Amino acid sequence: MSAELSRIAEEVSHRRTFAIISHPDAGKTTLTEKLLLFSGAIQMAGTVKGKKGGKFATSDWMEIEKQRGISVASSVMQFDYRDHTVNLLDTPGHQDFSEDTYRVLTAVDSALMVIDAAKGVEEQTIKLLNVCRLRNTPIVTFMNKCDREVRDSLELLDEVEDVLKIRCSPITWPIGMGKTFRGVYSLLNDAVILFEAGTEKLVSDIEVIQGIDNPRLDELFPLEMEQLRMEIELVKGASNEWNLAEFLAGTLTPVFFGSAINNFGVREILNALIDWAPAPQERDATLRSVDPKEAKFSGFVFKIQANMDPKHRDRIAFLRVCSGQFERGMKMKHLRLNRDIAASSVVTFMSHDREIVEEAFAGDIIGIPNHGNIQIGDSFSEGEELAFTGIPFFAPEMFRSVRIKNPLKLKQLQKGLQQLGEEGAVQVFKPHNGGDLILGAVGVLQFEVVASRLAAEYGVDAMFESASIWSARWFSCDDRKKLDEFVKALQMNIATDAGGNLSYLAPNRVNFALTQERWPDIVFHETREHA
Ligand code: GDP
């Protein structure tokens, strides 16, 4: 193997790329901060503030950037831990929940699911886990807030298994909760890790007692140990054993209990990500699958962020590197436009050491500034025709019809929506019955963003009105005649999206169920691939 290839292989095997999936308020921001703290990327916790007040959660990391003078962009954080390079991709979750949130999950190799142990499985977690399932992404689970009065642990695991349809293997087990939260018992290591409240606790401060039968435990908790030992026996008997292969297949999740705000349980999670979560894997492209250890560079765009600086119209395309080595200044080919771009101004998202990197490997994310010519799903390579697949658009769940105040601006409106649609900011549907254009999104803020960008960038004042649509489904049918028949019969509900694909706009769930029943040959899809 050449020195170059073995260097690439080495870098790839030391990469971990993951995202945190959670419902708002479960503790994603707190945990992210603690992960950075543990890795040494930031010195002090408590710098991430002001999220709830600000409109865009993307300002969360500005403080850290300022404090450390590093390039911790809001969307991608890179840090080193135990000789590995870890990329943590943000999944916008509060008001800025959007299709981007879903699509980020197509660019990671594993996900960390954070659950508020007082609440259990919540709505947004269900949606995000469903997206992870499209690629069988391995999931690590963290039951957070054990320092509060939380729900029964066995019941929580049952709920995860029932609702999320993934088997749980508890790796640690909580001892007590709320005011009597004592710590966790590690089922794998037969050790008790003692809990002490405090936000600035470091790993070295935490006491570990080896062996569940250790008399020291009886000294510490004379009233609780008998019951705990019984419970552990029960859990051992009743729960799924840890199995790495099943985790990697996405069918089993290791479950850890802890308290992010108290730094408790965070190290175990980081270790699980390093020890168990996969390094970058092969990725499918149209003609072949691409090995991350190949010499030649390739990657795909999964997100486009506009107007990071409102004075400029620049957009940043976020590209996940899939193979080879990216070097600053190299030429790479934008395959859809069949054009070389010189990647001199490409942004990398680096950890604390600024000097090092002008290069990136599979699993890393690079940002390419552009003026709107790059779209979601675009592939880049050193020349070979590689169109990566598996970067879908998702069925929107919120709809608005669009009208303009000044009919003379219709052209600008159409152009604006076309571009914003290609960028993935919103989905645009043109109803076959000639009605107003329909916008579809998965998060309500997407509409606000589109309205303000239409005004600022295209000079269009658009009015959005609620549309009585429950969901949109793309559809297909092997039998061309049947398809035409369907389109003709249900013209009122059919629209074409920005990519020219047919979509069924269902006014409600019942209507959709009936339509499926009446047209058994038509296949409805919740996602569609990039055109
Ligand atoms: P996000 O919306 O998922 O990013 O959640 P945040 O990290 O902003 O946390 C939501 C709230 O839960 C904040 O008030 C946190 O201080 C609090 N929180 C986070 N982790 C814990 C924990 O382990 N214990 C307790 N008691 N509160 C926590």
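Draft legend 1. Spatial organisation of the sheet that holds strand β4 (residues 110-116). One open sheet holds the 7 strands; their spatial order is β2-β3-β1-β4-β5-β11-β6, and the pairing between them is mixed. Edge positions in the open sheet fall to β2 (76-81) and β6 (167-170), since each of these has one partner strand only. For this sheet the average axis-to-axis angle between neighbouring strands, irrespective of direction, equals 30°. Sheet topology places β4 next to strand β5 (residues 139-144); 6 bridges connect them, and they run parallel. Looking at the pairing, Asp 116 lines up with Asn 144 of β5. This element, helix α6 (residues 153-164), spans β4, β5, β6 and β11 (252-257) of the sheet and lies at about 150° to β6.

Draft legend 2. The site of the ligand, seen in detail. Neighbouring the ligand are 18 residues; Asp 25, Lys 28, Thr 29, Thr 30 and Ser 259 lie closest to it. Within the contact set of the ligand, a nitrogen atom lies 2.7 Å away from a side-chain nitrogen or oxygen of Asp 147. The side chain of Ser 259 places a nitrogen or oxygen atom 2.7 Å from an oxygen atom of the ligand. Protein contact buries 81% of the 580 Å² of open area that the ligand shows by itself.

Draft legend 3. Representation of unusual backbone geometry. Here the phi dihedral of Asp 25 falls at roughly 80°; this positive angle occurs in a residue that is not glycine. Along the polypeptide, Asp 25 turns up in the loop between β1 (15-22) and α2 (28-39). The class for Asp 25 is partly exposed, based on a relative accessible area of 41%. Of note in this structure, Asp 190 is not a glycine but carries a positive phi near 50°. On the secondary structure map, Asp 190 appears in the loop between β8 (183-186) and β9 (191-194).

Draft legend 4. Just the packing of helix α11 (residues 410-423) against helix α12 (residues 445-458), in detail. Running from N to C, α11 and α12 cross one another at 125°; their axes reach a closest spacing of 10 Å. Between α11 and α12, the angle is such that the two are oblique. Considering only the axes of α11 and α12, their crossing is right-handed. Across the interface between the two elements, Gln 412, Leu 413, Gly 416, Leu 417, Gln 419, Leu 420 and Glu 423 of α11 pack against Val 450, Arg 453, Leu 454 and Tyr 458 of α12.

Draft legend 5. Seen up close, the confidence of the model for the chain. In the predicted model, the chain carries a mean pLDDT of 86, and the fraction of residues at 70 or more is 88%. Low pLDDT (under 50) marks residues 43-73, which in the prediction has 63 contacts with non-local residues, meaning those over four places away or in another chain. Ignoring residues within four places in sequence, the model shows residues 351-357, a span with pLDDT below 50, making 11 contacts including any to other chains. Here the complex is predicted with pTM 0.89, and the ipTM for its interfaces comes to 0.99.

Draft legend 6. View of the pattern of salt bridges. Applying the stated criterion across every chain, the model contains 30 salt bridges. For Glu 246, the salt bridge identified is with Arg 167, shortest N-O distance 2.3 Å. Placement of Glu 246 in helix α9 (residues 244-248) and of Arg 167 in strand β6 is noted, with a sequence separation of 79 residues between them. By relative accessible area, Glu 246 is classed as partly exposed at 25%. Between Glu 294 and Arg 288 there is a salt bridge; the shortest N-O distance is 2.8 Å. We classify Arg 288 as partly exposed; its relative accessible area is 29%.

Calculation rules
Residues numbered from 1 in each chain as written. Predicted model: local features only at pLDDT ≥ 70, side-chain atom pairs only at ≥ 80, totals over all residues. Heavy atoms only, no water. Pairing = 2+ DSSP bridges. Helix = DSSP H or I, 4+ residues; strand = E, 2+ residues; numbered from the N terminus. Axes fitted to C-alpha atoms, helices over the stretch in contact; angles between N-to-C directions. Contact = heavy atoms within 4.5 Å. Near = heavy atom within 4 Å. Polar contact = N/O pair within 3.5 Å; in protein donor to acceptor, adjacent residues only side chain to side chain. Areas by Shrake-Rupley, 256 points an atom, 1.4 Å probe, with all protein chains shown as cover. Buried < 20%, exposed > 50% of the residue type's maximum accessible area, 1.4 Å probe, protein only. Parallel < 35°, antiparallel > 145°, perpendicular 65-115°, else oblique. Left-handed = near helix turned anticlockwise from the far one by under 90°. pLDDT = per-residue confidence, 0-100. Salt bridge = Lys/Arg side-chain N within 4 Å of Asp/Glu carboxyl O.

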